[in-house]
Amino acid sequence: EAGVAQSPRYKIIEKRQSVAFWCNPISGHATLYWYQQILGQGPKLLIQFQNNGVVDDSQLPKDRFSAERLKGVDSTLKIQPAKLEDSAVYLCASSFDRYNEQFFGPGTRLTVL
Amino acid sequence: DAKTTQPPSMDCAEGRAANLPCNHSTISGNEYVYWYRQIHSQGPQYIIHGLKNNETNEMASLIITEDRKSSTLILPHATLRDTAVYYCIVEDDGGSNYKLTFGKGTLLTVNP
């Protein structure tokens, strides 16, 4: 079966610019996650969707980060405006439901200059 | 914060068993232990999970102590492709929402 798709794979922007990441989960997976992974650390959950509803966004910096999952399938994560400390790999994952194993995409490496 | 403690790094010879320890002394009775790994420049990959009984699948075995305060992931015959960061995670039961909080994990290096 096809895995979790993410694009772009790499992005370089200047601080204060905006950026968007796209994720296509595995077909049939109701739960979708966005993680931020800073170099040398484990992934940190930013937001979790169950179908098209938000289940947990407690660690999402809502003043600059936003995410949506239209029609309960694809999802986009946006940062506006970006800061230097946003440089990280952004990982998307999906699971059949919130109690099942998570399948991760390859990630998008963001560099903010 | 992560509920687990793991050594930052370990080495293993190719073909030998790799035993990765994890301490989770504050685990609750209904919380599962999950193991994921992350090969360089890839997303994490699920390996195995368990509650109280030992578990085995095609990738690894998970041994959980009787008091559930620690566990060991066993890769029976490590290969060079098993070089990765291994994360031991106790699910965070925030009410009805289960989520995984990753720590820094253990970097396992398999040497030829």
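From a predicted model like this one, the values you see are computed outputs, not experimental measurements.

1. Comments concerning the environment of Glu91(B)
All names here are of chain B.
1) Next: Tracing the sequence through the fold places Glu91 in the loop between β8 (84–90) and β9 (92–94).
2) Next: The spacing of Glu91 and Ser28 is 63 residues in sequence and 9.8 Å in space, taken between C-alpha atoms.
3) Next: Setting aside residues no more than four positions away along its own chain, Glu91 makes contact with Lys3, Asn30, Glu31, Tyr32, Tyr34, Tyr98, Lys99 and Leu100.

2. Focus on the packing of aromatic side chains
1) Next: With the rule as written, the count across this model stands at 11 aromatic pairs over all chains.
2) Next: Where Tyr36(B) meets Tyr46(B), the ring centres are 5.7 Å apart and the plane angle is 75 degrees; that geometry is what we call edge-to-face. Taken as a pair, Tyr36(B) in strand β3 (residues 33–38) and Tyr46(B) in strand β4 (residues 45–50) lie far apart in primary sequence, 10 residues in all. Taken individually, Tyr36(B) and Tyr46(B) each receive the classification buried, so the pair is uniform in this respect.
3) Next: Site record: aromatic cluster; members linked through ring pairs are Tyr33(A), Tyr35(A), Phe104(A), Tyr36(B), Tyr46(B), Tyr87(B) and Phe102(B).

3. Quick word on the state of the cysteines
1) Next: This structure, assessed with the given rule, holds 2 disulfides over all chains.
2) Next: The residue that forms a disulfide with Cys23(A) is Cys92(A), at a sulfur-sulfur distance of 1.9 Å. With the S-S dihedral at roughly -70 degrees, the linkage between Cys23(A) and Cys92(A) falls on the left-handed side. Of this pair, Cys23(A) sits in strand β3 (residues 19–24) while Cys92(A) sits in strand β9 (residues 88–95); the two residues are 69 residues apart in sequence, bridging distant segments of the chain.
3) Next: Residue classification places Cys23(A) among the buried residues on the basis of a relative accessible area of 0%.
4) Next: Assessed through its relative accessible area of 0%, Cys92(A) is described here as buried.
5) Next: Between Cys12(B), a free cysteine, and Cys22(B), which holds the nearest cysteine sulfur, the sulfur-to-sulfur gap is 18 Å.
6) Next: Residue classification places Cys12(B) among the buried positions, given a relative accessible area of 8%.

4. Remarks on empty space enclosed by the protein
1) Next: Within the structure shown, the criterion is met by 1 cavity of 30 Å³ or more.
2) Next: Lining the largest cavity are Tyr33(A), Arg98(A), Tyr99(A), Asn100(A), Gln102(A), Tyr34(B), Glu91(B), Tyr98(B), Lys99(B) and Leu100(B).
3) Next: Of the residues that constitute the lining of the largest cavity, the class distribution is 5 nonpolar, 2 polar and 3 charged.

Cut-offs used in this document
- Residues numbered from 1 in each chain as written.
- Chains lettered and ligands numbered in written order.
- Predicted model: local features only at pLDDT ≥ 70, side-chain atom pairs only at ≥ 80, totals over all residues.
- Heavy atoms only, no water.
- Helix = DSSP H or I, 4+ residues; strand = E, 2+ residues; numbered from the N terminus.
- Contact = heavy atoms within 4.5 Å.
- Phe/Tyr/Trp six-rings, centres within 6.5 Å; stacked < 30°, edge-to-face > 60°.
- Buried < 20%, exposed > 50% of the residue type's maximum accessible area, 1.4 Å probe, protein only.
- Disulfide = S-S within 2.5 Å.
- 1 Å grid on protein atoms, 1.4 Å probe; cavity = no way out; pocket = protein on both sides within 12 Å on 5 of 7 lines; lining within 4 Å.
- Points joined across faces, edges and corners; volume = space filled by probe spheres on them.
- Nonpolar A, V, L, I, M, F, W, Y, C, P; charged D, E, K, R; others polar.

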